[in-house]
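Structure assessment
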Amino acid sequence: MAIYLPGTVDEEQIALDELTPREIVAELDKYVVGQKAAKRAVAIALRNRMRRQKLPPDLAEEVIPKNIIMIGPTGVGKTEIARRLAKLANSPFLKVEASKFTEVGYVGRDVESMIRDLVEIAIDMVREEKLEDVADKAELNAEERLLDILLPPASPRAPEPTGGLVLEGSTTTGESHTRTREKLRQQLREGKLDERTVEIDVRERSFPSFEIISNQGVEEMDVNIKDMLPNLFGQRTKKRKMKVNEAFEYLIQEEEQRLIDMDQVTRVAIDRVEDSGIIFLDEIDKIAGRESGHGPDVSREGVQRDILPIVEGTTVNTRYGMVRTDHILFVAAGAFHVSKPSDLIPELQGRFPIRVELQSLTMEDFIRILTEPKSSLVKQYTALLETEGVKLEFTSEALDEVARFAFRVNEGTENIGARRLHTIMERVLDEISFDAPDKKGEHIKVDADYVRHMLADIVKDQDLSRYIL
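A short tour of the structure in this document, coming up. Worth saying up front: this structure is predicted, and the values here are computed from it rather than measured. (Residues numbered from 1 in each chain as written. Predicted model: local features only at pLDDT ≥ 70, side-chain atom pairs only at ≥ 80, totals over all residues. Heavy atoms only, no water.)

Right, let's talk about the sheet that holds strand E4 (residues 93–97) for a bit. Here we have five strands laid out as an open sheet, ordered E4-E7-E10-E3-E11, and parallel in their pairing. Looking at which strands have only one partner, the edges of the open sheet turn out to be E4 and strand E11 (354–357). On average, each strand axis in the sheet is tilted by 20 degrees relative to the strand beside it, whichever way the strands run. Pairing analysis gives five bridges linking E4 to strand E7 (residues 278–282), with the strands arranged parallel. Bridging across to E7, Leu94 finds its partner in Ile279. (Pairing = 2+ DSSP bridges. Helix = DSSP H or I, 4+ residues; strand = E, 2+ residues; numbered from the N terminus. Axes fitted to C-alpha atoms, helices over the stretch in contact; angles between N-to-C directions.)

Right under this line is the structure:
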């Protein structure tokens, strides 16, 4: 199935399987500034996934994804590149911190939970797509059910003895009922009945409380409690009064759930996870070695050994069935300030053949990040204040000052990359945001002097800047 993307090269509709690596990089450029090497690596990985789908099944099975390690400080775009790539490919995407996992036998999240979480994300993705397909039918069905409640169907009556003739000007009960129903339908669609109260049957959601005692974590239990409860206690309903507009929304949701085949959703979601799932393993450097630099300790090496079979390719048991991980793309990332990729166990290193180093951001990068991406900070703040009727404008000199302050603070304290821009911008716009409701209709221009005025006292006090900026 070809997936079409609006607004790609030449503003044409291009199928995903027709996107070249160069065009994939161009799409990523709309959201992430710089980092060409990382973009090239993920573009090739995505293109290889498309190429694999065109191979004969026996050969496609042998082609394994080339997993990637991104090396670079925080806030330079590692997560955003992976997230945007997944959105571009319409793939289930999960970001998880490797440091959250614990070795088997210890209390904490087990590594297989990442696959279970990815399947849940895929289920939600496919369900949303199916909801769009049945939305119109669900609305029509809900409308009919609501009209039945507002105007119960007329009971059939024996026809009056007219010798088989219909008297002029007379109407049957059925025709009158139909006309009344159509009038109600028109009023319902126009919102004239929204405030009327109706009584509908709603599903009972409260169940008797009980405890389950198990020596396994909840993630490892194969029993689906949510699916089991209705079968244990039955699908009970109760009468509830609500306004027509609320009842209509409730009935639409009921109809959507009835029209969607969850078995098919599950099959499609598992296929999507197995063929195009992407897992972003952040902070992998935290499990690579101790700060003393003498190599991994037992628990960190244990986590690596637990992650290894997932990355190599295994079968994980989920509540929706067995899921193979052979063709899931893993993108690992870490700052590697203390440790280095070679501190990972050799088997895990071998499963991440592509390594790209992301560069620290320059002042010019900060200026571009403020203005160029589709959802840049300047566009976000401008749109937010427009909701208050305030027109906000930044001069180019003001943006230069913001970028310069962000760069200086990153150099003088902790380097948190582009995230520093968020703290700086919040500080610069603090007074404007606070007073915005009282400035409706005003045009506010932020210049370099205003930026310096808002940041001067904090930047002078180095101790204060560490806490505030």
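Only one face of strand E12 (residues 391–394) is covered, namely the one carrying Leu392 and Phe394; the face carrying Lys391 and Glu393 has none of its residues buried. Taken together, the four bridges between E12 and strand E13 (residues 443–446) define a ladder with parallel strand orientation. Bridging from a neighbouring strand, Glu393 pairs with Lys445 of E13. (Buried < 20%, exposed > 50% of the residue type's maximum accessible area, 1.4 Å probe, protein only.)

What follows covers the pairing of strand E5 (residues 197–203). Where burial is concerned, the two faces of E5 differ: the one with Val198, Ile200 and Val202 is buried and the one with Thr197, Glu199, Asp201 and Arg203 is not. Looking at chain direction, E5 and strand E6 (residues 237–243) are connected through seven bridges and run antiparallel. Within E6, the position partnered with Thr197 by the bridge is Lys243.

Taken as a whole and judged by the stated rule, the model has zero aromatic pairs. Seen from the ring of Tyr31, Arg84 lies directly overhead, with NZ or CZ sitting 3.9 Å from the centre. Over the ring of Phe405 we find Arg404; its NZ or CZ atom is 5.2 Å from the centre of that ring. (Phe/Tyr/Trp six-rings, centres within 6.5 Å; stacked < 30°, edge-to-face > 60°. Lys NZ or Arg CZ within 6 Å of the ring centre and 35° of its normal.)

Another point: the side chain of Asn141. With respect to the helices and strands, the residue Asn141 is situated in helix H5 (residues 113–150). Filtering out sequence-adjacent residues up to four positions away, Asn141 remains in contact with Glu255, Arg258 and Leu259. (Contact = heavy atoms within 4.5 Å.)

All right, on to unusual backbone geometry then. Notably, Asn90 is not glycine yet its phi reads approximately 55 degrees, a positive angle. Checked against the element boundaries, Asn90 lands in the loop between helix H4 (78–89) and E4. At Glu283, a residue that is not glycine, the phi angle is positive and equals roughly 55 degrees. On the secondary structure map, Glu283 appears in the loop between E7 and helix H10 (298–312).

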